[in-house]
Structures are given as C-alpha cells and as structure tokens.
Number of protein chains: 4
Amino acid sequence: MTHPTDPVPFTSSYIKSREIPLGPTAIGGEGFLVVAGPCAIESYDQFSQTANAVAQAGAGALRGGIFKMRTKPEAFQGLGFDAFDIVRRVARETGLPMISEVTDPRQIQDMGDVLDAFQVGARNMHNFELLKELGRQPKPVLLKRGLSAYLDEWLAAAEYITREGNPGVIFCERGIRSFERATRNTLDLSAVPYLKERSHLPVLVDPSHGTGVRNLIAPMSLAAAAAGADGLLIEVHPEPAKAASDGHQALDFAMFQSTMTGLRRILSAVDRPLRTHRAGRA
Amino acid sequence: MTHPTDPVPFTSSYIKSREIPLGPTAIGGEGFLVVAGPCAIESYDQFSQTANAVAQAGAGALRGGIFKMRTKPEAFQGLGFDAFDIVRRVARETGLPMISEVTDPRQIQDMGDVLDAFQVGARNMHNFELLKELGRQPKPVLLKRGLSAYLDEWLAAAEYITREGNPGVIFCERGIRSFERATRNTLDLSAVPYLKERSHLPVLVDPSHGTGVRNLIAPMSLAAAAAGADGLLIEVHPEPAKAASDGHQALDFAMFQSTMTGLRRILSAVDRPLRTHRAGRA
Amino acid sequence: MTHPTDPVPFTSSYIKSREIPLGPTAIGGEGFLVVAGPCAIESYDQFSQTANAVAQAGAGALRGGIFKMRTKPEAFQGLGFDAFDIVRRVARETGLPMISEVTDPRQIQDMGDVLDAFQVGARNMHNFELLKELGRQPKPVLLKRGLSAYLDEWLAAAEYITREGNPGVIFCERGIRSFERATRNTLDLSAVPYLKERSHLPVLVDPSHGTGVRNLIAPMSLAAAAAGADGLLIEVHPEPAKAASDGHQALDFAMFQSTMTGLRRILSAVDRPLRTHRAGRA
Amino acid sequence: MTHPTDPVPFTSSYIKSREIPLGPTAIGGEGFLVVAGPCAIESYDQFSQTANAVAQAGAGALRGGIFKMRTKPEAFQGLGFDAFDIVRRVARETGLPMISEVTDPRQIQDMGDVLDAFQVGARNMHNFELLKELGRQPKPVLLKRGLSAYLDEWLAAAEYITREGNPGVIFCERGIRSFERATRNTLDLSAVPYLKERSHLPVLVDPSHGTGVRNLIAPMSLAAAAAGADGLLIEVHPEPAKAASDGHQALDFAMFQSTMTGLRRILSAVDRPLRTHRAGRA
C-alpha cells in the first residue's frame, strides 16, 4: 500500500515472519496479535471479566498464570489444577485461544488439555530439558528471553525446541536486567528487528514485565508495533491494586482500551491488520 | 484529531513538552525534529552533500562532529577549528540550524559562533563543570544520557544547567551499556515516557549510537516516534564504508530517505507534524 | 590465634558457616575445600589423571560434567550415562567425593548412585521444580548463582531446597553478566561476605567460570579465600587446549599446583585449614 | 621468599608494577599503600582526627574531598578553597602525602599547591580534556575506572595522560554498575590482574565506593590485596553516621584498625611490605 504523501517507495518497516497457527487465530505473518489477561488466574469471575473486556477491546488471545514461578517459595504460586475448569469455561465463552506458562516437563500433558500454546518464562529459557520436551509435542511455544540472555543464546534456545520436531516457536522480548533501577527491566526493542533478520519465527513484546511500570506500557506497546513486532503480551486486571501478583504492572480495562486505540493507529501506519477475535474466527 | 476508526476517545500517546527555539526551528512542543548529519565533519564536500540530502529528505537540523571525543588518543579527533568555515558555509546554504558536541568549557565561546545548540556527549554527562558553564550561556544544550546513568541522575544533570539560568535543555537517549554484545548499546526507549512524566523538557533519541547497527536504525527510529519522542539524532554519511569514524552505524542517503518515509507515517498516526526545513522557516 | 605482629585483637575476616558433610569430608565450618576437575568428563584416562593430580596438589573433592548444559544443541553434551562407571572407578581410586551437575529432576535418582553432591548450574538457579526435587533427597546441593540473579533471589532459591527438608545447600558464586567484554563474567566476590551475614550456609567461589580467563584464576582464587569463602570450584584439564569444552578457562596441572601454593599461604593468614584428602579421611 | 610449607616453588601472586613516587612514599613496586580519609573534608577537627587515626593504624597517605562531584546540584559540594589551609596543616602534622579529586582543568594549578597527587573520579574518566591537562603537569594522577568503562577503555584513558608527558598514572578500581541492587556497585577485582598483565602502572582498589556497604569493606580489602593490588583507598570518618556524604560506606576508627590487622596478615602471606608512615619517611 502506498500513502499519497510517500516521497519514495515505502519499504515496509517490518520483516514478515512465518505464520504459526494458534487455535482459531495465528501469530506472525501479516497480522498483529494482542495476548492479554491477568498475571495469575485468581477466580472465575476475575478471569472471565478480564477475558471479555480484553476481547471486546481487540485482544485476540488470552494469557493467565496457572502455575506461577515466584522468587520466594512462600509467595502465591497460582491456583494450579484448580484453574483448569476456569480456563475451559472462559475459553468456551470467549472463543479465544489460551496461553499459559509451563514450569515442569511433567505438567505438559495435563496443561496441553486446556492450552493452545505453552509459555516458557524468562527463568526457564535455559531449562533445556523443558525445551526439548516441548519440542516433542505439537502446540506452539512462546519462548521468553532469559533475564540476561544474549540474543544469540535466545536464538540457540529456540533450536532446542525446533530440532525435536516442533516448528512453532514464538519469541517474546520481556526486558533484560540492566543497572537501571527506575524500571523493573530494560525493554530491549532492538531485539525485534535483530531476531527477525536472523530467524523466520515471530516476535512478541511484553511491555508489562518489560518495564514493570504501568504508565510505560502504552507508549512501549506502540513502540513495539512500530519496531516491527508481531504482537504484544499485556497484563490486564479488573482491579490492579488488588491483584495477587504484579498489580503495579497491570492495566485496568480503561487503560487497556486506550492502549488499543493508540495501537490501532500505529498498526494502520505500518499496514498490519489486528488479529481480533472475529478476524481470527473468519 | 479523531480517526473514524477510534472506538474510544484517543488519548495522545505522547506528553507535550516545552518548545525550545533552535535557530529558525524548535525542539519539543507538537512538532517532531530530525537532526541528521555525519558522525564527524571530514570536508566541505562531505558535509555539504550530506546536509543537502538530509534536508531534502525531511531533516530539520544538522549534526556533525567538530571536536570528537575518542576512546583512544590516536584515533581521528575531528577537524577542530578547521571545520568552522565549513559549518558556516553549509548552514548558510541549507538554512538549517547546527548542533555539535562541546567537550571543554574553554571551547564554548568559539563554538557558540557557529552553533545553534551545544551537544554534551554521554561521556560528559557527569562533567558538572562543563554543564555549569553551559548553563551560563543562552544557546540550547542537547544532553546525552551517560553510558550507565540512572534516569534520575540524568534528570539531576539537567538541573546543573537550568539552575545556572539556561532553561533550554533537551534530553537525548543514546543507549546504555548492558551485557548484550550483539548491539553496541541497548537503546532504552522507556526513558522517553519516563522523562516526559517527570520533566517538561523535550526528549530526542539517537538510534545510531543507541544500536550501533545500521539495519536497526530505521525500526528503532519509528519506535522512538511511537514512544513519544520529540525527535531523532541520526548519523548519515555519503559513503558509510569510507567514514572516518563509526561508519557501521551511519545510514547512506537512500536508507535515510526510506527511514523518513516510514517515520512520516508513524508521525501521522500520532498526530505530530514533522519540523522540516520549510516548516521551520515559516 | 594471635599473630605476634597484630597491634589489635584480630577479628577473623570470615564468618563461620554451618559444616555440611560431603562424603568423607565437609564444606563449611573452619576448613576450606577445593573442588577440582575437568569441565566435562571425556574418558577414564582424562578424568583419572586429573583426579590424581588435583588430589596430590591439595584438592579435597572432584568435579566433572556428566550431562552438560550447552547453549547450542549441537555442542558436546557430556558422556551421560557412559560416564557413570568412570566416576565410580576414579572415586574409588582417589577416595575423593564427587560433585556433578544435574539438569533434570528425572536424573536425580540415577545420579545419586555415583555422586556425593548435586550441582545446580547458573542456568537452572530459577528452575524451582528441580530445586524442590533436590530438597526431597538427602545429598548436599551446590547452588550456583544465576547469570543475573540478585543476591536476595539467590538466598530465596536456596529456600526452595531447604523448605523441602534438605538443609545441605552450598552457594557458589560463579560470576555475573555485566557490560564488561574482556572477561566472560564479572566475579562478584562481595557476594561472599554478603551471603555469610545473611545465611549460615557455606559459600564457594568458581573463578574458572567467574572470569573465563586462565591467567585470572589464580589471583581470584586467593582473593576468594581472603574474602572469606569456604572453598573453590576450579576447572583443571590435562591438556586445556584439547578440552572438549571451555578449555580457555581450565588450568593445567602445573598452574593448579602453583595456585594451591599461593592459596595455602592465604589460608594460613586467615587461620583456615585446607581440607585435603587425608584431612578429609581422618 | 620460600615458606617451609610450600610444596612447589612459589610464583608470586602479583605482578610487580612500576613504582611511582608520592611525596615521601610511593605507589607500586613491592610495597602496598593504604590511602585513607574522609569522603569530604568537613572541618579541621574532623580531618585532623581522621588523619592521625589512620596514620597510626598504618595508612601511608591521606584522601579527602575538597571539591565534591555530586549527582544533585543541591547536595554538599565540599569546602572548596576553604579546605586548602586545613589540608596544609594536617599534611604538615602527619607528614603524609595528600590525594584529592580534581573536577575541572582550571583547578589544577591551585590544587597542585596542596596536593601530592590528583584523583580523577569515575564520572570524569572520559573527560579527555581534563586528562590531557593532567598529563601536562608533573604530579601523579590516580585514575578511577568509569562507572561502566570497559577495561580496555580505561587503559586507553591512561594513555591520554601519559602521552602528554606524565608517566605517573595509578589505576583505581572502584566498582562498576551492574544489575545488582544489594550493593552500590559491583567491585570487579579481576580488573587488578587484568590490568597488571597489560600495563606496568600500579592498581589500587576502593572497596568503599566499590561496595557502598560498610561491612563489606574489610573482606574486600583483604581480597584486593590477595588479588595483587598495590594498595587501597578507604573512606574513614570519626562518626560515619554524621558524615556530610556517603557515611554508610565509611569505616569508623575501630573498624579501620581491624581491617588493617587483617590486611597485614594477607600482605605478609603475599610477601609485600606495607608502606606505612615511617617506612615512607625512611
């Protein structure tokens, strides 16, 4: 598409990645996918409300922690198996695919029943045994960057999955550890074009963990889209102040809507359709 | 401005900063300014060609090193005073304002004759004697972030200038030192919204130093605009492979034009006019 | 013990930790233990030669990779089960206890047959499922610091083990990721006194991974002892240039001997006996 | 010197650097020099008391801030010229040489009257104009490592001084910025042997800034000596809790004495004499 004001032929700012099917929708290719939901699933009401709100605002997939990895063993570790029925009900209601983190090879079979894709957290990017097991099953794997993983180590970690036979790996930049103390992590958006030049796999960005600061999520979401990312992973909670974990980096419904409004404009500027619920279903 | 497709009222993604006059144009406010030019001024031909090319493609100000700070004392240190006449001629020809780095309080008076704004490099962000001197003269100061400066230290460094009476400080994010070795620095775009919430001063982004990798400059330029930056500082060289310094991070004229095309679309999406030469002159 | 030249009563420079039994010897308490051996066990000859050389020079325990975690899936991954017989033979010959890395909860039972302690590598410090399983078996666990783990996260990771019932955790500082590119990692020796003030668990230091540079291993070994560490983990190989992995950070036998000579003098200065083979057996 | 218990010939753990004269004493060569004093000179009483206490405990030179570089312009900036008389009196009383930080080329001449060596702070390591000026005068320059300077950049910065004709440069490792938040900086002791292999210049260590935590200063002082450093720079204050700046990282007199006791033992183990006041005077 050429805009009337373009003085020279427009070279698209993003490199098109391979499209990876995700339930009724997909990640990569031309479309842009927003995955949204709470850090942790706390109850049916909390997850259902959030899922419906984000679907209406334009999210195309759901996220929500079932088994949470927490630094301290006494912190809230997720509902675990008790969340399975909640996930099934909400996925049915909304029609949206579900992504959640797996932390142990022994959870893969059970979680596979309720998930459309597995997430590997930053702390497990180097857990090669887990990666190899995920390579031996068919569902896509969203592979977060390790807290201080070199970009080339991240590319190599993806190979642990693909070499076992599963081509469906999606990278997710979630911020790296730097000296800066004002933000929880330093979101490295240059990872997006760097990876896309070296791999055909899609790249998402998680501005929630990537900054750890609520007010930085909207601008960094727009920036990620402009940098060529294939989607976002955003934490949304009905009442962030009451969240069982990481509420300081969750958006409420109004902030999420407003972020999506800004995002739609950027996506239109870079000629990428948003993979909304209905688009995904078509 | 409301787009017909906006489902909810659009909250602008950027926080408007104070407008700081820069020769015939300005930095901050509504407009977006692209400052472009070579890492170092090498000759009249090189600088004139570059200045004309970037002006035509939409740059609104020129940059170019006169006195270069180099890690090794034997490296090319810039033309020094020999560059003054070149700068005068090219500024007259193009009508664009000129920004260059000052490294010593004793250079301020002389350089003030040919510059519209002073740049303080990353390695001098903590050179408080230099900052205080720049606070005692009237031209704007582009203050780059130190290699590993906390955002709050950077805000404090700006105060060294403003407390002496010069309100014209412009921040410039240029990447921080992180563990990552694939890029020269890690461009921290979250600095843009962070600073704008805490200060009324404009914020530019330098994707050339910020990544050190030519192919990452265009996507990070677009991302910076989407994150709410007030402008960019981009290195452009007629023949990057022959540049006297930092050629690997300079764009040639065609890449600069293509970057500007993508940038115009993002700026239109965030409702910001580009401060081009003519706009500046109006 | 008071030296005749001490002008004021000498407050020992180290904080005494709990003593954790390790086969015929122990880690922590008053004694200082050097654990040495190759990065990976490559053959009976290689491991036996190394074990005998380090035992003679003063090492009190053996290390050697059986299942190696490697960034790239095509790199040498260790001998695996084929190493078990080698380990048994060499342990019997030398009488030294054996430590090796475990990377999967499903390896624990088999490896427990040939090991006196399990090592958790830096890339698995946050693999909480693995830590919990190791907490449910009786052998000591040497817990390396994650590549960019906060000291307080490392303390919390140890709790994942101890809360399951296994009190035998030993910390091992192995360098953190920093911006510096001259060394593989930045060895953070301040971790030693920091942890010892906050925990009664012993702290070892790994100068091989901690620097990645052969010539830095001896001075950093002495420094670790002076900082109050309870022992060292050092890579030694008969012919470092031919090692299957990480040869650039392995000592040959002569360098190991010379390191031990310097170390003995520092240990004598801080009043700590070296837990050698015979001492261990007593 | 051979200890009776050395099983193999002892290769000294440190590389001998060139000896640089410092008033009545020297830095480098065989001797080990402890430079001690307050972060900032606050009054005659404070500086005199501290100087006498550290001299008695074994320090061989004094430090004390006159013009302080402070991140925030409203913080205490040192006594400035008012400190000159204090410095003169205390130097005369104790006979110890004095080192203090210079932050502006225009201070060099005046400060040269009262100082035996100039210190360049971490924030000015890249202030090449200042380095060049210091290269054109005869007194030694203690060059601190930049907050995130590569070791090779630091070596290059020293050349800015030596190329102008002053061979008297002394490196001082003072900790680098890392992700760790428990300490103010991460003291990189591997810098000591790294630099000494590549340069004949002496290397000091500053465990006060290097950790920012009082209880870590003694163990890191001993570690620095064991790693082969040529001396230490330690902050001491009569009443750290009342210090005008950085009291949390200053030792009181008793802690300094106890650190010196431990240090003497390590120095004896590595065969290095302490350059005390009397030794210096001899």
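Residues numbered from 1 in each chain as written. Chains lettered and ligands numbered in written order. Predicted model: local features only at pLDDT ≥ 70, side-chain atom pairs only at ≥ 80, totals over all residues. Heavy atoms only, no water.

### Thoughts on the overall build of chain A
Counting its secondary structure elements, chain A contains 10 helices and 10 strands. The C-alpha atoms of chain A give a radius of gyration of 17 Å, which matches the 19 Å a tight globule of 282 residues would have. Principal axes of the C-alpha set define a box for chain A whose edges measure 60 × 45 × 40 Å. The long-range fraction of contacts in chain A, counting pairs at least 24 apart against all pairs at least 6 apart in sequence, stands at 69%. When the accessible surface of chain A is totalled, it reaches about 8,900 Å², and 49% of it is carbon and sulfur. Positive and negative side-chain charges of chain A, numbering 31 and 31 respectively, have mean locations separated by a distance of 1 Å. (Helix = DSSP H or I, 4+ residues; strand = E, 2+ residues; numbered from the N terminus. Rg over C-alpha atoms; globule rule 2.2 N^0.38 Å. Contact = heavy atoms within 4.5 Å. Areas by Shrake-Rupley, 256 points an atom, 1.4 Å probe, with all protein chains shown as cover. Lys, Arg positive; Asp, Glu negative; His and termini not counted. Charge placed at Lys NZ, Arg CZ, Asp CG, Glu CD.)

### Concerning the relation of the copies chain C and chain D
For the pair chain C and chain D, the superposition axis carries a translation of 0.0 Å, the fit reaches an RMSD of 0.0 Å, and the rotation angle comes to 180°. The transformation relating the two chain copies, once decomposed into turn and shift, fits a two-fold axis. Taking C-alpha positions as the reference, the residue of chain C nearest the rotation axis is alanine 223 of chain C, at 2.0 Å. Most of the interface of chain C is mirrored in chain D, where 100% of its interface residues again form contacts. (Least-squares fit on C-alpha atoms with pLDDT ≥ 70 in both.)

### Here we look at the pairing of strand β5 (residues 98-101) of chain B
Residue and element names in this part refer to chain B. The alternating pattern of β5 places Met98 and Ser100 and Ile99 and Glu101 on opposite faces, both of which are buried. Across two bridges, the pairing between strand β4 (residues 61-63) and β5 is parallel. From the neighbouring strand, arginine 63 faces β5, where its bridge partner is isoleucine 99. Crossover β4 to β5 through helix α2 (residues 83-94) is right-handed. In this sheet, strand β6 (residues 117-120) lies alongside β5 in parallel orientation, the contact comprising three bridges. Note on β6: the bridge partner recorded for glutamate 101 is glutamine 119. (Buried < 20%, exposed > 50% of the residue type's maximum accessible area, 1.4 Å probe, protein only. Pairing = 2+ DSSP bridges. Right-handed = clockwise from strand over helix to strand, strands pointing away.)

### Observations regarding the relation of the copies chain A and chain B
Taken as rigid bodies, chain A and chain B are interconverted by a rotation of 180° and an axial shift of 0.0 Å, the fit giving an RMSD of 0.0 Å. A share of 100% of the interface residues of chain A reappears at the interface of chain B, consistent with the copies meeting face to face through the same patch.

### Let's talk about the pattern of salt bridges
Applying the stated criterion across every chain yields a total of 87 salt bridges over all chains. Linking arginine 272 of chain B and aspartate 230 of chain B is a salt bridge whose minimum nitrogen-to-oxygen distance equals 2.7 Å. Separated by 42 residues along the polypeptide, arginine 272 of chain B in the loop between α9 (253-269) and α10 (277-281) and aspartate 230 of chain B in the loop between α8 (214-227) and β10 (231-235) bring together distant segments of the chain. For arginine 272 of chain B, a relative accessible area of 3% translates into the label buried. Assessed through its relative accessible area of 0%, aspartate 230 of chain B is described here as buried. Here the salt bridges do not stand alone but share partners, grouping Asp104 and Arg106 of chain A together with Glu133, Arg136 and Glu164 of chain C into one network. (Salt bridge = Lys/Arg side-chain N within 4 Å of Asp/Glu carboxyl O.)

### With respect to the interface of chain A and chain B
Facing 50 residues of chain A, the contacting portion of chain B comprises 50 residues. Between chain A and chain B, roughly 4,100 Å² of surface is buried when both sides are summed, and carbon and sulfur atoms account for 68% of that area. When residues of chain A are sorted by the area they lose upon contact with chain B, Tyr150, Phe179 and Arg265 of chain A head the list and together hold 19% of the total. Across the contact surface, chain A and chain B share four salt bridges. A salt bridge links arginine 145 of chain B to glutamate 180 of chain A; its shortest N-O distance comes to 2.8 Å. Across the contact surface, chain A and chain B share 12 residue pairs in polar contact (both at pLDDT 80 or more). Within the residue set of the side of chain A that touches chain B, elements represented by two or more residues are α6 (191-198), α8 (214-227) and α9 (253-269) of chain A. (Buried area = accessible area lost by both parts, 1.4 Å probe. Polar contact = N/O pair within 3.5 Å; in protein donor to acceptor, adjacent residues only side chain to side chain.)

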